[in-house]
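Remarks on the overall topology
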Amino acid sequence: MTVEEQTKRRAILIFVLNRPGVLNKISMLIRRKMYNVETVTACRTHRPGISRMTLTLYENSDDKTQQVIKQIEKVAEVMSAKELDVDGSFWREVAIIKLEADEASIEDLGRRFNFQILDRCNHELFIVQVAGTSKYVDDFMQAVGVDKIIETARSGFTAMEK
């Protein structure tokens, strides 16, 4: 069992002023605290000058997680930071996967999963996009089979409270 499987995945939602170096400040702070960030996603919000970041890491201790959040909130450009509850929020990611498959396999996958074909390079080489929970993406990849996957690019999590 890996360390990730033994510890709890946490998502921290952070709203920041959209300024150069903010992501670096936050990542350096977390690194100094000896946490390994699993994923970071960042984007502009509908409010000018404000960006949102979703940061995921593994940690069992609620106290340690709150300590990290308090440290993040001390960064001058951070407007707010909080942990998102798994049951009270949606966590999603996107994967772009290059795979080998025949037409019958693609049709079978299409009956079991919702995905978009982005490109068909030849009769048996596809690039597809799958979006959903981490488990959904993992299940899709397992259904395809490791030996059929040529390349994978995963976005990391983005999350939103219900």
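Residues numbered from 1 in each chain as written. Predicted model: local features only at pLDDT ≥ 70, side-chain atom pairs only at ≥ 80, totals over all residues. Heavy atoms only, no water.

Of all nine residues in strand β3 (residues 50–58), nine are buried; the element is thus mostly enclosed. Across nine bridges, strand β1 (residues 9–17) lies against β3 in antiparallel orientation. Opposite Val16, over in β3, you have Ser51 as the bridge partner. As paired strands, strand β2 (residues 37–44) and β3 are joined by seven bridges and run antiparallel to one another. (Buried < 20%, exposed > 50% of the residue type's maximum accessible area, 1.4 Å probe, protein only. Helix = DSSP H or I, 4+ residues; strand = E, 2+ residues; numbered from the N terminus. Pairing = 2+ DSSP bridges.)

Attention now moves to a negative patch on the surface. Side chains of Glu100, Asp102, Glu124 and Asp147 sit close together on the surface and give a patch of like negative charge. Inspection of the secondary structure puts Glu100 in strand β5 (residues 89–100). (Patch = residues over 30% accessible without salt bridge, like charges linked within 9 Å, V, L, I, M, F, W, Y side chains within 5 Å. Areas by Shrake-Rupley, 256 points an atom, 1.4 Å probe, with all protein chains shown as cover. Salt bridge = Lys/Arg side-chain N within 4 Å of Asp/Glu carboxyl O. Lys, Arg positive; Asp, Glu negative; His and termini not counted. Charge placed at Lys NZ, Arg CZ, Asp CG, Glu CD.)

Those residues of helix α2 (residues 22–32) that fall on the buried side of the exposure criterion are Val22, Ile26, Leu29 and Ile30. What you see down the axis of α2 is that its buried residues fit within an arc of 95°, all on one side. Along α2, exposed side chains directed more than 90 degrees from the buried face belong to Arg31 and Arg32. Against the buried residues of α2 lie β1, β2, β3, α3 (62–73) and β4 (78–84). Met34 lies just past α2 and shows a positive phi near 70°. (Arc of directions from axis to C-beta. Contact = heavy atoms within 4.5 Å.)

This brings us to α3. Between the first and last C-alpha of α3 there are 16 Å, a value that for 12 residues agrees with the 16 Å anticipated at 1.5 Å per step. Listed in full, the buried residues belonging to α3 are Thr65, Val68, Ile69 and Ile72. When α3 is viewed along its axis, its buried side chains cluster within an angular range of 100° and face the same direction. When the buried face of α3 is taken as reference, the exposed residues oriented beyond 90 degrees from it are Asp63 and Lys70. The opening residue of α3 is Ser61, an N-cap whose side-chain oxygen sits 3.3 Å from the backbone nitrogen of Asp63. (Expected span 1.5 Å × (residues − 1). Polar contact = N/O pair within 3.5 Å; in protein donor to acceptor, adjacent residues only side chain to side chain.)

Applying the stated rule across the entire model yields four aromatic pairs. Just above the ring of Phe15 sits the side chain of Arg47; from NZ or CZ to the centre is 5.6 Å. Positioned over the ring face of Phe90 is Lys162, at 5.4 Å from the centre of the ring. (Phe/Tyr/Trp six-rings, centres within 6.5 Å; stacked < 30°, edge-to-face > 60°. Lys NZ or Arg CZ within 6 Å of the ring centre and 35° of its normal.)

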